[in-house]
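Structural overview
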Amino acid sequence: MKKKPLILVGAGGHAKACIDVIENNGEFYIYGIIDNSKINRILGYPILGKDKDLKKYVKKAKYLLITVGQIRNNQIRPKLYNLGKKLGYKFPKIFSKRSYISKHSKIQEGTIVFHDVIINSGAKIGKNCIINNKCLIEHDVSIGDHCHVSTKATINGSAKIGNKSFIGSGSLISNSILLPKNSFVKIGSIIT
């Protein structure tokens, strides 16, 4: 199978973790990275330009992944996603080969699923989400668009997480909990 060209937007620490998953996945090759900083390369991949330069590359690499993390600000990822959509990019779903994703779950475009994640049947995950290393997403969970479920978080059955929410590392969300949009759950929290 021929690998498809992919552009990343963001060259920070989260991008390095995404690169590892993309390389593990094997479906895409990284054409280059867009970032507003002054660095030239990250993990050997070239920085192609700034956000304003995205329009130059849509015909060369039609796939785009947002690789900016989401801890302090939940507005950047949706803004970049909307810019990419407006320019005509496609947003793939990227899954680590070391994750388990039920065939009875639904995951939307632009979402990346990291290593050792388990996503069970009936789970629904929105657009442009980060499901980070070692998360457990149980049956019938619903996660909105532009969410970041951080490392080793557990979201139990039938819980609902609103758009643009952040779930901190090691957090435990009990069954059937409803978290509104823009929720911020601190590291190690227990929500019952």
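A brief look at the structure comes next.

Focus: the side chain of D145
Relative to the elements of secondary structure, D145 occurs in the loop between strand 14 (142–143) and strand 15 (148–149). It is K127 that comes nearest to the buried, bridge-free D145 among opposite-charge side chains, at 4.5 Å. In terms of polar contacts, D145 uses its side chain to reach the backbone amide nitrogen of K127, at 2.8 Å. Each residue touching D145, except ones within four places of it in the same chain, is listed here: G126, K127, C129, N163 and K164.

Focus on the sheet that holds strand 8 (residues 106–107)
As summarised here, the arrangement of the five strands in space is 8-11-14-17-20, forming an open sheet in which the pairing is parallel. Edge positions in the sheet fall to strand 8 and strand 20 (178–179), since each has one partner strand and no second. Across two bridges, strand 11 (residues 124–125) lies against strand 14 in parallel orientation. Within the sheet, the bridge partner assigned to I125 lies in strand 14 and is I143.

Re the layout of surface pockets
Put simply, the largest pocket is a space of about 190 Å³. Of all the secondary-structure elements, those providing two or more residues to the lining of the largest pocket are helix 1 (13–25) and helix 2 (76–87). Here the residues of the lining of the largest pocket are counted per class, giving six nonpolar, seven polar and two charged.

How each quantity is defined
Residues numbered from 1 in each chain as written. Predicted model: local features only at pLDDT ≥ 70, side-chain atom pairs only at ≥ 80, totals over all residues. Heavy atoms only, no water. Helix = DSSP H or I, 4+ residues; strand = E, 2+ residues; numbered from the N terminus. Buried < 20%, exposed > 50% of the residue type's maximum accessible area, 1.4 Å probe, protein only. Lys, Arg positive; Asp, Glu negative; His and termini not counted. Salt bridge = Lys/Arg side-chain N within 4 Å of Asp/Glu carboxyl O. Polar contact = N/O pair within 3.5 Å; in protein donor to acceptor, adjacent residues only side chain to side chain. Contact = heavy atoms within 4.5 Å. Pairing = 2+ DSSP bridges. 1 Å grid on protein atoms, 1.4 Å probe; cavity = no way out; pocket = protein on both sides within 12 Å on 5 of 7 lines; lining within 4 Å. Points joined across faces, edges and corners; volume = space filled by probe spheres on them. Nonpolar A, V, L, I, M, F, W, Y, C, P; charged D, E, K, R; others polar.

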